[in-house]
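In case you want the letters, here they are:
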Amino acid sequence: HKKMNSTMNEEPDALAVVNQLRDLAADPLNRRAIVQDQGCLPGLILFLDHPNPPVVHSALLALRYLAECRANREKMKSELGMMLSLQTVIQKTTTPGETKLLASEVYDILQSSNMSDMDGVNEMNSCRRKAQFFLGSTNKRAKTVVLHIDGLDDSSRRNLCEEALLKIKGVISFTFQMAVQRCVVRIRSDLKAEALATAIASTKVMKAQQVVKSESGEEVLVPFQDTPVEVEQNIDLPDYLPEDESPTKEQDKAVSRVGSHPEGAASWLSTAANFLSRSFYW
């Protein structure tokens, strides 16, 4: 069932594990457990040094989700090798642009963690708050687009949407707010938001509108023009999942099981930790 890779046999495994961690981290209910786990943060830090670019990008997305929970930030920042590995990713000349931007955002959030948490009152609540993904970022090379997606009503649709967005060159990261059918996307400032709408329309089962604030401060939905724009494909990053394998069904089961039973997450995390130690410490 596993697709063999001529250069590194364990590559599909590494990608599968890091993608599974990324999906677990996308659920706010799992974020504390993942950071408290003995093996996961060290494993994600090792993934930042992986030769396969999608593995690095996926590990950063997982870290970005985990850092959304304010109570996790201090531990993440002090984890051995975390800040150094993030700096390495940012400074490496071979790192793709989107990955560099994502790494700097994670770095900045962790770097400023103790300053913004002086009050500490809302620390616990912030994990449960609706994800404010990157909105406070001052990075001029990137912008945030909030999409309302008609048809985004279950995790298999979410996976379709994820696959469509991952193919666009210029998408840095995204997070889903399933309860309100929204996706908050961080993109390079030279990418048109219409490209996102085109990609989502290509799924044939979903349609996106942009959420913007009116002058009175109310949120309004603005439909995109129906003329499709040319979308530059992400050629330098191989697909996150081979076309012929579709593990969405298994993933859904794993993620929904994990969400409702924290011990399910724990047993999965220990499997991931075993994998990590097996592949990195020969």
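The chain has the name Armadillo repeat-containing protein 1 in an unreviewed UniProt entry, where Pelodiscus sinensis is given as its organism. For the record of the chain, the UniProt heading Function (unreviewed entry) holds the text "In association with mitochondrial contact site and cristae organizing system (MICOS) complex components and mitochondrial outer membrane sorting assembly machinery (SAM) complex components may regulate mitochondrial dynamics playing a role in determining mitochondrial length, distribution and motility."

A.B. asks: What should I look at first to understand the overall build of the chain in this one?
C.D. replies: On a plain count of helices and strands, the chain comes out with 13 helices and five strands. Taken over 282 residues, the chain has a buried fraction of 49%. Counting only contacts in the chain whose residues sit at least 6 apart along the sequence, the fraction spanning at least 24 positions is 72%. Accessible area of the chain: about 14,600 Å², with a carbon and sulfur share of 53%.

A.B. asks: What is the right way to look at the pattern of salt bridges in this model?
C.D. replies: Across all of its chains, the model carries 10 salt bridges by this definition. Residue Arg188 pairs with Glu98 through a salt bridge whose shortest N-O separation is 3.4 Å. Here Glu98 lies in helix 7 (residues 97-111) and Arg188 lies in strand 3 (residues 182-188), a separation of 90 residues in the sequence. A relative accessible area of 28% places Arg188 in the partly exposed class. Among the charged side chains, a salt-bridge network with shared partners connects Arg22, Asp23 and Glu162.

A.B. asks: Explain helix 4 (residues 53-67) here, please?
C.D. replies: The terminal C-alpha atoms of helix 4 lie 21 Å apart, and with 15 residues this matches the ideal 21 Å at 1.5 Å per residue to within 8%. Counting buried positions along helix 4 yields 14 of 15 residues, so the element is predominantly enclosed.

A.B. asks: Before we go on, may I ask you to explain the packing of helix 5 (residues 70-78) against helix 7 in this structure?
C.D. replies: Direction vectors running N to C along helix 5 and helix 7 enclose 105°, while the axes themselves pass 9 Å from each other. Classified by the angle their axes make, helix 5 and helix 7 are roughly perpendicular. Along the contact surface, helix 5 presents Arg73, Met76 and Lys77, while helix 7 presents Ile109, Leu110 and Gln111. Looking at side-chain class alone, the contact of helix 5 with helix 7 contains three nonpolar, one polar and two charged residues.

A.B. asks: Any chance you could explain the sheet that holds strand 3 here in plain terms?
C.D. replies: Sheet strands associate in pairs through backbone hydrogen bonding, adopting either a parallel or an antiparallel arrangement. Taken together, the five strands give an open sheet; going across it, the order is 2-3-1-4-5, and neighbouring strands pair in antiparallel fashion. Every interior strand has two partners, whereas the edge strands, strand 2 (171-177) and strand 5 (219-223), have only one. Sheet twist, expressed as the mean angle between neighbouring strand axes with direction ignored, is 35°. Relative to strand 4 (residues 207-213), strand 1 (residues 142-150) runs antiparallel, the two sharing four bridges.

A.B. asks: Before we go on, may I ask you to explain the nonpolar core in this structure?
C.D. replies: The tendency in soluble globular proteins is for nonpolar side chains to be buried side by side. Counting residues in hydrophobic clusters, the biggest one holds 40 residues, and the most contacted among them are Leu44, Met76, Met82 and Leu86. Elements with a minimum of two residues in this core: helix 1 (11-26), helix 2 (31-36), helix 3 (40-47), helix 4, helix 6 (82-91) and helix 7. Counting residues per element, this core draws most heavily on helix 4, at 10 residues. Judged by nonpolar contacts, the second largest core, of 25 residues, contains Cys161, Leu166, Ala195 and Leu196.

Calculation criteria
- Residues numbered from 1 in each chain as written.
- Predicted model: local features only at pLDDT ≥ 70, side-chain atom pairs only at ≥ 80, totals over all residues.
- Heavy atoms only, no water.
- UniProt positions renumbered as here; feature names shortened; annotations may be inferred.
- Helix = DSSP H or I, 4+ residues; strand = E, 2+ residues; numbered from the N terminus.
- Buried < 20%, exposed > 50% of the residue type's maximum accessible area, 1.4 Å probe, protein only.
- Contact = heavy atoms within 4.5 Å.
- Areas by Shrake-Rupley, 256 points an atom, 1.4 Å probe, with all protein chains shown as cover.
- Salt bridge = Lys/Arg side-chain N within 4 Å of Asp/Glu carboxyl O.
- Expected span 1.5 Å × (residues − 1).
- Axes fitted to C-alpha atoms, helices over the stretch in contact; angles between N-to-C directions.
- Parallel < 35°, antiparallel > 145°, perpendicular 65-115°, else oblique.
- Nonpolar A, V, L, I, M, F, W, Y, C, P; charged D, E, K, R; others polar.
- Pairing = 2+ DSSP bridges.
- Core = buried A, V, L, I, M, F, W, Y, C linked by side-chain atoms within 4.5 Å.

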